[in-house]
Amino acid sequence: MTPKEQLHQGAETLGIALSDEQAERLLAYGDLILKWNKVYNLTALRDPAAVLTHHLLDSLAAIAPLQRQCGGKAKLLDVGAGAGLPGVVIAILRNDIDVTCVDAVAKKAAFIQQVASELALRNLRGLHGRVETLTGSYEVISSRAFASLPDFVLGSVHLLAPDGVWLAMKGRVPSDEIAQLPPQAEVFHVEQLSVPGLDAERCIVWMRKPAG
């Protein structure tokens, strides 16, 4: 099976009908990760097949849940974005969402900017900085294996729109971290994910500001 066929098949399993343009952009993004990795150490993965399952399909697993939580135009901040996961994948799949990927490492933010340019993604930008010092308001704030849930919330709570949601991609359900959440956030849904080709536990912890 070609990588493109594998990507289409995996997306279909996740309930996503990929257009050819989206599939080509995703594969081009995977190629850019591997190319820049030689110089910039964006990810520990060096194998194209692993990038496809562990990065592209793993991030695609968040698309259908995100659609259910946020069906319309929105601004999304991807915190500790690294190579741009899941932010870049969201930008490719959802052109109605403006995605900002922030990372404290300048070369990683520069990589995101390069991806936005090469793939002509006008709704994507890379930003070098620390989330604690940013200003603005976002309907969705995402992270993938970035930090503990309490640290993620405390670092970004000032940026979450009043009716906004946090989307934290995790491995197994982080019960200890959920128990330690500060009062600024509450979990309203823990969504189990099944990633095609990946034999590992995955979930999304959805959080919001408490009412009142």
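Residues numbered from 1 in each chain as written. Predicted model: local features only at pLDDT ≥ 70, side-chain atom pairs only at ≥ 80, totals over all residues. Heavy atoms only, no water.

Visitor: Help me get a handle on the pairing of strand β1 (residues 74-79), residues and values and all.
Guide: Most of β1 sits inside the fold, with five of its six residues counted as buried. As paired elements, β1 and strand β2 (residues 97-103) share six bridges and run parallel to each other. Bridge pairing in β2 places Val79 opposite Val102. With helix α5 (residues 87-93) bridging β1 and its parallel neighbour β2, the resulting β-α-β unit is right-handed. (Buried < 20%, exposed > 50% of the residue type's maximum accessible area, 1.4 Å probe, protein only. Helix = DSSP H or I, 4+ residues; strand = E, 2+ residues; numbered from the N terminus. Pairing = 2+ DSSP bridges. Right-handed = clockwise from strand over helix to strand, strands pointing away.)

Visitor: Please give an account of the nonpolar core that cites residues and values.
Guide: Grouped together as the largest cluster of nonpolar side chains are 51 residues, with contacts concentrated most on Tyr29, Leu60 and Leu124. Broken down by element, the residue count for this core peaks at seven residues, all from helix α2 (residues 20-40). Setting aside anything within four residues of it in sequence, one finds Leu60 in contact with Leu7, Ala11, Leu14, Ile16, Leu26, Val89 and Leu93. (Core = buried A, V, L, I, M, F, W, Y, C linked by side-chain atoms within 4.5 Å. Contact = heavy atoms within 4.5 Å.)

Visitor: How would you explain the pattern of salt bridges if you had to name every residue and give the values?
Guide: In this structure the tally under the stated criterion is 11 salt bridges. Two residues, Arg94 and Asp96, come together in a salt bridge whose shortest N-O distance is 2.9 Å. On the accessibility criterion, Asp96 (22% relative accessible area) is partly exposed. Between Lys170 and Glu177 there is a salt bridge, with its nearest N and O atoms 3.0 Å apart. Among the residues examined, Lys170 registers a relative accessible area of 13% and is labelled buried. Note on Glu177: relative accessible area 22%, which makes it partly exposed. What emerges from the salt-bridge pattern is a single network uniting Lys4, Asp20 and Glu24. (Salt bridge = Lys/Arg side-chain N within 4 Å of Asp/Glu carboxyl O.)

Visitor: Now, about the side chain of Asp78: what can you tell me, with residues and values included?
Guide: Inspection of the secondary structure assignment puts Asp78 in strand β1. We note that Asp78 is buried and unpaired, the nearest opposite charge coming from Arg144 at a distance of 8.3 Å. Within polar-contact distance, the side chain of Asp78 engages the backbone nitrogen of Gly87 at 2.9 Å. Asp78 has contacts with Gly84, Leu85, Pro86, Gly87, Thr100, Cys101, Val102, Ser142 and Ser143, leaving out every residue within four places of it along the chain. (Lys, Arg positive; Asp, Glu negative; His and termini not counted. Polar contact = N/O pair within 3.5 Å; in protein donor to acceptor, adjacent residues only side chain to side chain.)

Visitor: A description of the packing of helix α1 (residues 3-13) against α2 should follow, citing residues and the corresponding values.
Guide: Interaxial distance between α1 and α2 falls to 10 Å at its minimum, and their mutual angle equals 115°. Crossing of α1 against α2: the hand is right-handed. Counting all contacts with α1, which are made through Pro3, Lys4, Leu7 and His8, the residues of α2 involved are Asp20, Ala23, Glu24, Leu26 and Leu27. (Axes fitted to C-alpha atoms, helices over the stretch in contact; angles between N-to-C directions. Left-handed = near helix turned anticlockwise from the far one by under 90°.)

Visitor: How would you summarise the packing of α2 against helix α6 (residues 106-118) if you had to cite specific residues and measurements?
Guide: The N-to-C vectors of α2 and α6 enclose an angle of 145°; their axes lie 11 Å apart at closest approach. α6 is crossed by α2, and the crossing has right-handed handedness. In this structure, α2 uses Tyr29, Leu32, Ile33, Trp36 and Tyr40 to contact α6, whose residues at the interface are Lys107, Ala110, Phe111, Gln114, Val115 and Glu118. Residues that form the contact of α2 with α6 fall into these classes: eight nonpolar, one polar and two charged. (Nonpolar A, V, L, I, M, F, W, Y, C, P; charged D, E, K, R; others polar.)

Visitor: Could you give an account of the pairing of strand β4 (residues 138-144), naming the residues involved and the relevant values?
Guide: The element β4 is extensively covered by neighbouring structure, given that six of its seven residues are classed as buried. Two elements, β1 and β4, share three bridges in a ladder whose sense is parallel. By the bridge assignment, Leu76 is partnered in β4 with Val140. Bridge count for β4 against strand β5 (residues 160-170) is six bridges, and the pairing is parallel. For Ser143, the partnering residue across the bridge sits in β5 and is Ala168.

Visitor: Could you give me a rundown of the state of the cysteines, with the residues and numbers involved?
Guide: Using the criterion set out here, one finds zero disulfides in the structure. Free cysteine Cys101: the closest other cysteine sulfur is in Cys70, separated by 15 Å. For Cys101, a relative accessible area of 1% translates into the label buried. Here Cys203 stays free of any disulfide, with the sulfur of Cys70 as its closest cysteine sulfur at 20 Å. (Disulfide = S-S within 2.5 Å.)

Visitor: For unusual backbone geometry, give the residues involved together with the corresponding values.
Guide: For the bond running from Leu85 to Pro86, omega is 5°, close enough to zero to count as cis. By the element assignment, Pro86 lies in the loop between β1 and α5. A positive phi is found at Ala120, a non-glycine position, where the angle reads about 55°. Looking at the element boundaries, Ala120 is found in the loop between α6 and β3 (124-128). Notably, Ala145 is not glycine yet its phi reads approximately 50°, a positive angle.

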